[in-house]
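# Coordinates in review
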Amino acid sequence: MTLPESFYVSLERDLLRLTGRDRQSFLQGMVTNDVASLTPGQGCYAFHLTSKGQILADCRIACLEDSLLLDTEPGWGEPLAASLEHHLVMERVKIRLTTEIVYFIYDGGKWRALYDAASPPELPVCDEALYEALRIEAGIPRGRVDFDEKTLAPETGQAGRAIHYKKGCYIGQEIVARIDARGHTNRSLVKLTTEQVAEPGTRLTVDGKDVGWITSAALGPMQGIPVALGYLRNEHAAPGAQVTVGAFGNGVVT
């Protein structure tokens, strides 16, 4: 499949806007990535965790001139806002849900988010189904699909993208640091190629032993082969490892 060099997709997202002079220092202690160093026009991806290191929500954080804008999966906006409000003490911060539109633009092989846009970009539009297939093929997990409130942050394979190990304290930091010191979790999210498009929830086995499951799958639009994301026990998660997908068919970790 040939894609245009640039296009955009409009996705349903929950949005939070944080204002007030303490917004960055407050959020710095609430999420896994470094927010304090952001300047207007910059952003990062991060998790908001429980004290046990499990993911309450993931979010893209955009630093604007007068606020921080957080976008997260539909359904996670209200719990995220409530959790942040719960941890407010004396900080000068206001947190509110907003209905602004976010456009995600694919430009020259990279994705970026366009906030506060009154109208869509003058680019070809990509439908959500194609976007989903592209993100799975690229190995990018999605909240509430590939991980949820029971998932430990390091299990997602997004540590390099979402976790800043030297930023200092935040909620759940002790557990994340302990896992990092230990070297690994018991399972990890991986990308696989499969013989056919698998259903989410399909079990993965090795020699008849259950070792994981599929979380999302699609026909990869760029390579034209079935691909999937799923969790595997670490002893079976190395690139090139083979597993059985469901009752029949093979899968290979990439």
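Treat the numbers as computed from the prediction; the structure is a model and nothing was measured.

The buried fraction of helix 3 (residues 128–137) amounts to eight of the 10 residues, a majority that puts the element mostly inside the structure. For helix 3, the side-chain oxygen to backbone nitrogen distance between the N-cap and A129 is 3.0 Å, and the N-cap itself is D127. A positive backbone phi angle near 80° is found at G139, which sits one or two residues after helix 3.

What follows concerns the environment of Q223. You can see Q223 is positioned in the loop between strand 11 (209–219) and strand 12 (226–233). Residues Q223 and A129 lie 94 residues apart in sequence; the distance between their C-alpha atoms is 16 Å.

Here we come to the sheet that holds strand 2 (residues 14–19). Taken in spatial order, the five strands of this open sheet run 3-4-5-2-6, and their pairing is antiparallel. Lying at the two open borders of the sheet, with one neighbouring strand each, are strand 3 (43–49) and strand 6 (94–98). When the angles between neighbouring strand axes are averaged without regard to direction, this sheet yields 30°. Two elements, strand 3 and strand 4 (residues 55–63), share seven bridges in a ladder whose sense is antiparallel. By the bridge assignment, G43 is partnered in strand 4 with A62. Sheet strands in contact with helix 2 (residues 77–87) are strand 2, strand 3, strand 4, strand 5 (68–72) and strand 6, and its direction is about 25° off that of strand 2.

Before going further, it helps to examine the nonpolar core. Across soluble globular proteins, nonpolar side chains show a tendency to be buried alongside one another. One finds L18, L27, I61, L70, L84 and I95 to be the most contacted residues of the largest nonpolar core, which totals 41 residues. Those elements giving two or more residues to this core turn out to be strand 2, helix 1 (23–28), strand 3, strand 4, strand 5, helix 2, helix 3 and strand 12. Those residues in contact with I95 that lie beyond four places of it in its chain are L16, R17, L18, F26, A81, L84, E85 and L88.

Moving on, we come to the pairing of strand 2. Side-chain positions along a regular strand alternate between the two faces of the sheet. Most of strand 2 is tucked away, with five of its six residues classed as buried. In this sheet, strand 5 lies alongside strand 2 in antiparallel orientation, the contact comprising five bridges. Within strand 5, the residue paired with D14 across the bridge is T72. Note: strand 2 against strand 6, five bridges, orientation antiparallel. If you follow L15 over to strand 6, its bridge partner there is T98.

Quick look at the pairing of strand 13 (residues 242–245) now. Side chains V243 and V245 of strand 13 all project onto a buried face; the interleaved residues Q242 and T244 project onto a face where none is buried. Pairing analysis gives two bridges linking strand 10 (residues 203–206) to strand 13, with the strands arranged antiparallel. Bridge pairing in strand 13 places T205 opposite T244. When strand 13 meets strand 14 (residues 250–253), the two strands line up antiparallel, connected through three bridges. In the strand pairing of strand 14, Q242 is matched with V252. Linking two consecutive strands that pair antiparallel, namely strand 13 and strand 14, is a turn of four residues; a positive phi of about 70° is found at G246 within it.

Okay, the pattern of salt bridges next. Where side chains of opposite charge bring their charged atoms close, a pairing between them can arise. Inspection of the entire model under this criterion finds 13 salt bridges. Note that R13 and E73 form a salt bridge whose closest N and O atoms lie 2.7 Å from each other. Of this pair, R13 sits in the loop between strand 1 (6–10) and strand 2 while E73 sits in the loop between strand 5 and helix 2, and the two are 60 residues apart along the sequence. With respect to class, R13 is no different from E73; both count as buried. A salt bridge links E132 to R142; its shortest N-O distance comes to 2.9 Å. Of this pair, E132 sits in helix 3 while R142 is found in the loop between helix 3 and helix 4 (159–162), placing the two residues 10 residues apart along the sequence. Residue E132 is classed as buried on the basis of its relative accessible area of 17%. Judged by relative accessible area, which is 14%, R142 ranks as buried. Among the charged side chains, a network of salt bridges with common partners joins R13, R60, D71, E73, E128, E132, R135, R142 and D146.

Thresholds applied
Residues numbered from 1 in each chain as written. Predicted model: local features only at pLDDT ≥ 70, side-chain atom pairs only at ≥ 80, totals over all residues. Heavy atoms only, no water. Buried < 20%, exposed > 50% of the residue type's maximum accessible area, 1.4 Å probe, protein only. Helix = DSSP H or I, 4+ residues; strand = E, 2+ residues; numbered from the N terminus. Polar contact = N/O pair within 3.5 Å; in protein donor to acceptor, adjacent residues only side chain to side chain. Pairing = 2+ DSSP bridges. Axes fitted to C-alpha atoms, helices over the stretch in contact; angles between N-to-C directions. Contact = heavy atoms within 4.5 Å. Core = buried A, V, L, I, M, F, W, Y, C linked by side-chain atoms within 4.5 Å. Salt bridge = Lys/Arg side-chain N within 4 Å of Asp/Glu carboxyl O.

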